[in-house]
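A look at the structure
Spelled out from the first residue to the last, the chains are:
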Amino acid sequence: MASWNHKHIIDLAAFSLEDYQNVLELANRFKALPKSGARKLPALQGRFIAILFFEPSTRTRTSFEIAAKRLSADVQTFSASTSSLTKGETPLDTALTYVAMGADTLVIRHSSSGVPEQIAKSLEKAGKKTAILNGGDGLHSHPSQALLDLFTLVNFFEPSKPDIKSIKGKRIAIVGDILHSRVARSNLWSLTGCGADVILCGPKSLLPNDFVDFVSSPPPGQLIDPIKNRGKVMISRSLKETLQQSDAVITLRLQKERMNQNLLTNLGSYHREYGISRRILQNFRKEIPVLHPGPVNRGIEISSELLDDQSICLTQEQVKNGIPIRMALLYLLMA
Ligand code: NCD
């Protein structure tokens, strides 16, 4: 794609409208492939993708593996628990090891914010051409998840063809543990970037105050926001008020492993106040789509009956869409 000029994908702060549209259009073409019988494309034949996950993952890791294989790349997955990390090797040295073995792209997940970016900078300094794709770092960013969420929403609002304009002016609620969510931070960039307004809703202890400013100031080192008119960001503590105004809701997992203190005392009362169920949606006369990045705490963030009703709850559609989105990202970085 002529206008694509990203060497790495670390976060979505530098994405333009054209970038979003390019990714979605390409993903849509890849999504149509299995129906036409051609499940595998030769696009990345002979290229080597290393998936370096220093933190546990089911769907993101598997989805990147499948995406790489559908594009005929060689793929190797690194698992932190069985690696030399246990002998004290740093993530950068692990990355350099895979680069020495010929990796063209590293997909990196790490529990600390900033690790993929640091590795990208160090490899550039060392004169390496390896591309870095962030598979989720600390609380900072999870670009492929936010792009698959965007793809799922755009397809829901306009099933005939993916056009980011279909989300412009819509109100999207992000509910739950926003404080610890790299997904929410990336969702904010992509949704406001495509012109949607976002309502952040959750208990006070899980709602960061600085989020309204988050998308109005470019990150350090980036002087200009490539998007002129971002959607607005609002904050609400009331799920009722939020759902009444929303066209879709993304609810988030309570990420206890990322909390450094116990910020929630009672899961039952969390579910009563912030859990999404069929009854709650009906109360607010709403049949709005419900998304969740997974893994879901069934019965806490989403009620069991709603999770099983995949006509409104789009969690499985999100998982399906993850493959063509990641194919698109790998293709744009490597082909
Ligand atoms: C998310 C993650 O790891 O950031 N999961 C995912 O990648 N699908 C969200 C989470 O951990 O709750």
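Everything quoted here is computed from the prediction, not taken from an experiment.

Once that is clear, we can look at the domain arrangement of the protein chain. Segmentation of the protein chain into domains returns domain 1 (17-141 + 321-334) and domain 2 (145-318). A straight line from the C-alpha centre of domain 1 to that of domain 2 covers 25 Å. Tallying the contact residues gives 25 residues for domain 1 and 28 residues for domain 2. When domain 1 packs against domain 2, the two sides together hide about 2100 Å² of surface, and 59% of this comes from carbon and sulfur. For the pair domain 1 and domain 2, the number of links is three salt bridges. Of the charged contacts, one joins Glu55 and Arg258 as a salt bridge, the two residues approaching to 3.6 Å between their closest N and O atoms. Residue assignment for the side of domain 1 that touches domain 2 shows that the elements contributing at least two residues are helix 1 (17-31), strand 3 (105-110), strand 4 (131-137) and helix 12 (315-334). Of the residues assigned to the side of domain 1 that touches domain 2, the class counts are nine nonpolar, nine polar and seven charged.

Time to look at the site of the ligand. Around the ligand, a shell composed of Arg59, Thr60, Arg109, His142, Gln145, Arg182, Val183, Arg253, Gln255, Arg258, Pro293 and Gly294 is seen. In the model, a nitrogen atom of the ligand is placed 3.3 Å from a nitrogen or oxygen of the Gln145 side chain. Protein coverage of the free-state accessible area of the ligand, which is 310 Å², stands at 94%. Contributing elements (two or more residues each) for the shell around the ligand: helix 2 (59-70) and helix 6 (182-193). A class-by-class count of the residues in the shell around the ligand yields two nonpolar, five polar and five charged. In this structure, the shell around the ligand is formed jointly by two domains, domain 1 (17-141 + 321-334) and domain 2 (145-318), each of which donates at least three residues.

It is at 8 Å that the axes of helix 1 and helix 12 come closest, and there the two elements cross at 115°. Regarding the angle of helix 1 to helix 12, the classification is roughly perpendicular. Seen from above, helix 1 lies across helix 12 with right-handed handedness. Listed contacts from helix 12 to Val23, Leu24, Leu26, Ala27, Phe30 and Lys31 of helix 1 are Glu317, Asn321, Pro324, Ile325, Met327, Ala328, Leu329, Tyr331 and Leu332. Across the contact of helix 1 with helix 12, the residue classes break down as 12 nonpolar, one polar and two charged.

Attention shifts here to the side chain of Ser190. Along the chain, Ser190 turns up in helix 6. Contact partners of Ser190, with chain neighbours within four places excluded, come to Leu12, Tyr20, Ala146 and Leu150.

Close contact between helix 3 (residues 91-100) and helix 4 (residues 115-125) brings their axes to 10 Å; oriented N to C, the two are set at 55°. It follows from the interaxial angle that helix 3 and helix 4 lie oblique. The chirality of how helix 3 crosses helix 4 is right-handed. On the side of helix 3, the interface is formed by Pro91, Leu92, Ala95, Leu96 and Val99, while helix 4 contributes Val115, Ile119, Ser122 and Leu123. Residues of the contact of helix 3 with helix 4, tallied by class, amount to eight nonpolar, one polar and no charged.

Turning next to the pattern of salt bridges. All told, the structure shown has 16 salt bridges when counted by the stated rule. A salt bridge links Glu55 to Arg182; the nearest nitrogen and oxygen atoms lie 2.8 Å apart. You can see Glu55 sitting in the loop between strand 1 (48-53) and helix 2 and its partner Arg182 sitting in helix 6, a full 127 residues away along the chain. The same class applies to Glu55 and to Arg182, which are both buried. The closest approach of N and O atoms between Arg278 and Asp309, which form a salt bridge, is 1.9 Å.

Rules behind the numbers
Residues numbered from 1 in each chain as written. Predicted model: local features only at pLDDT ≥ 70, side-chain atom pairs only at ≥ 80, totals over all residues. Heavy atoms only, no water. Domains from an automatic or database assignment. Contact = heavy atoms within 4.5 Å. Buried area = accessible area lost by both parts, 1.4 Å probe. Salt bridge = Lys/Arg side-chain N within 4 Å of Asp/Glu carboxyl O. Helix = DSSP H or I, 4+ residues; strand = E, 2+ residues; numbered from the N terminus. Nonpolar A, V, L, I, M, F, W, Y, C, P; charged D, E, K, R; others polar. Near = heavy atom within 4 Å. Polar contact = N/O pair within 3.5 Å; in protein donor to acceptor, adjacent residues only side chain to side chain. Areas by Shrake-Rupley, 256 points an atom, 1.4 Å probe, with all protein chains shown as cover. Axes fitted to C-alpha atoms, helices over the stretch in contact; angles between N-to-C directions. Parallel < 35°, antiparallel > 145°, perpendicular 65-115°, else oblique. Left-handed = near helix turned anticlockwise from the far one by under 90°. Buried < 20%, exposed > 50% of the residue type's maximum accessible area, 1.4 Å probe, protein only.

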